[in-house]
Amino acid sequence: MTGSVHLHLSTASMASTTSLVERSAAFSSMLGAHLEVSIARVEARVSSHWAGEHFAPVVLDADVDSRSKAIRLAAAARTASERLSLPLALNEYALSHCTVDRRAAIIARCHDFTMMGLAGGDSDGRRAIEDLVFASGRPVMILPDGVVAPLTLGRVTIAWDHSEAAARALALGLPLIREARRVDVVTVDAGQRFASGNPAAAAVAYLARHGIKAADRTVQAQGRKVGRVLMETAEAAGSSLLVAGAYNTPRTRELLFGGVTRSLLERPRVPLLVAN
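Parameters and conventions
- Residues numbered from 1 in each chain as written.
- Predicted model: local features only at pLDDT ≥ 70, side-chain atom pairs only at ≥ 80, totals over all residues.
- Heavy atoms only, no water.
- Salt bridge = Lys/Arg side-chain N within 4 Å of Asp/Glu carboxyl O.
- Buried < 20%, exposed > 50% of the residue type's maximum accessible area, 1.4 Å probe, protein only.
- Phe/Tyr/Trp six-rings, centres within 6.5 Å; stacked < 30°, edge-to-face > 60°.
- Helix = DSSP H or I, 4+ residues; strand = E, 2+ residues; numbered from the N terminus.
- Contact = heavy atoms within 4.5 Å.
- 1 Å grid on protein atoms, 1.4 Å probe; cavity = no way out; pocket = protein on both sides within 12 Å on 5 of 7 lines; lining within 4 Å.
- Points joined across faces, edges and corners; volume = space filled by probe spheres on them.
- Nonpolar A, V, L, I, M, F, W, Y, C, P; charged D, E, K, R; others polar.

### Re the pattern of salt bridges
For the coordinates displayed, the defined rule picks out ten salt bridges. Salt-bridge contacts for Glu43 lead to Arg41; the nearest nitrogen and oxygen are separated by 3.7 Å. The two residues Glu43 and Arg41 agree in class, both being buried. Connected through salt bridges with shared partners, the residues Arg41, Glu43 and Glu92 form a single ionic network.

### A short note on the packing of aromatic side chains
Across all of its chains, the model carries one aromatic pair by this definition. Geometrically, the ring pair formed by Phe27 and Phe113 is edge-to-face, given 6.4 Å between the ring centres and 65° between the ring planes. Remark: Phe113 occurs in strand 4 (residues 113-118) and Phe27 occurs in helix 1 (residues 18-31); sequence separation between them is 86 residues.

### Looking at unusual backbone geometry
Even without being glycine, Thr2 reaches a positive phi, approximately 45°. Locating Thr2 in the fold gives a position in the segment before strand 1 (4-10). Of note in the backbone geometry, His162 takes a positive phi value of approximately 65° without being a glycine.

### Quick word on the environment of Ser66
By the element assignment, Ser66 lies in helix 2 (residues 52-84). By relative accessible area, Ser66 is classed as buried at 6%. When the C-alpha positions of Ser66 and Arg41 are compared, they lie 6.3 Å apart, and in sequence the two are 25 residues distant. Discounting chain neighbours no more than four positions away, the residues touching Ser66 are Thr11, Arg41 and Val42.

### Considerations on the layout of surface pockets
Gaps left between atoms show up when a probe the size of a water molecule is rolled over them. In this structure, the largest pocket occupies an estimated 890 Å³ of space. Surrounding the largest pocket, 38 residues form its lining, Ser10, Ala12, Val42, Leu95 and Asp124 being those nearest its centre. At the level of secondary structure, the elements contributing two or more residues to the lining of the largest pocket comprise strand 1, strand 2 (34-43), helix 2, strand 3 (88-96), helix 3 (103-108), strand 4 and helix 4 (123-136). No other element matches helix 4, which puts seven residues into the lining of the largest pocket. Along the lines of polarity and charge, the residues of the lining of the largest pocket split into 16 nonpolar, eleven polar and eleven charged.

Just geometry here; none of it tells us what the structure is for.
The structure is reproduced here in structure tokens:
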């Protein structure tokens, strides 16, 4: 693959670790891609509220910790870049606490995909990922915190329901899918009606026209959440990556199969590529 990869880190995120930096750099090197690392250094400021003075020492300690973490992450990125002879751009910026990070999405728009870490149960991290997916127009690869195995593309599972969202994820994920040794196109039967008896067949044919051999598979939901079924299926197959689509409606943000990606993000166990 060649191309360009973006790794976004935040000093407020438990999943933004030096280990994540090292794994992302190694993955970018494997792809032959340029890597840009953006570090959002979240500033802790003393409130002007009457109680602000009371909490000032705690706030100042938090700010020092944030600055120290940003320094460690930047150093890890430079070290990995030198060790791997990996082209690197480093972009660090300050972000006020509770401020929506728009800059990450702007940076992401000129990269093939963005990588972010996510700890289980981290609702703030999940919202940050959703914001990036919908605001950047580029795919986001979510790496579960605590999974330390090297990133590979041995086997890729594609979640498919023949929707616009699934089609966009398939097309935007094609450069990574092409690198896989084995590809599965998985449809979860949760009682919905499809236009064709085997909705994955068209996706398999599309991949074949790009020189990618894929197998289609239908899994019964049996009352379980579709997101859980997809994650369990990908994990049982030993997949290195699960690809899923995302869409938004005027009132709220929903993810493929009526909230599938949202449920996938609750406790991911396999790296996940989502696109809108």
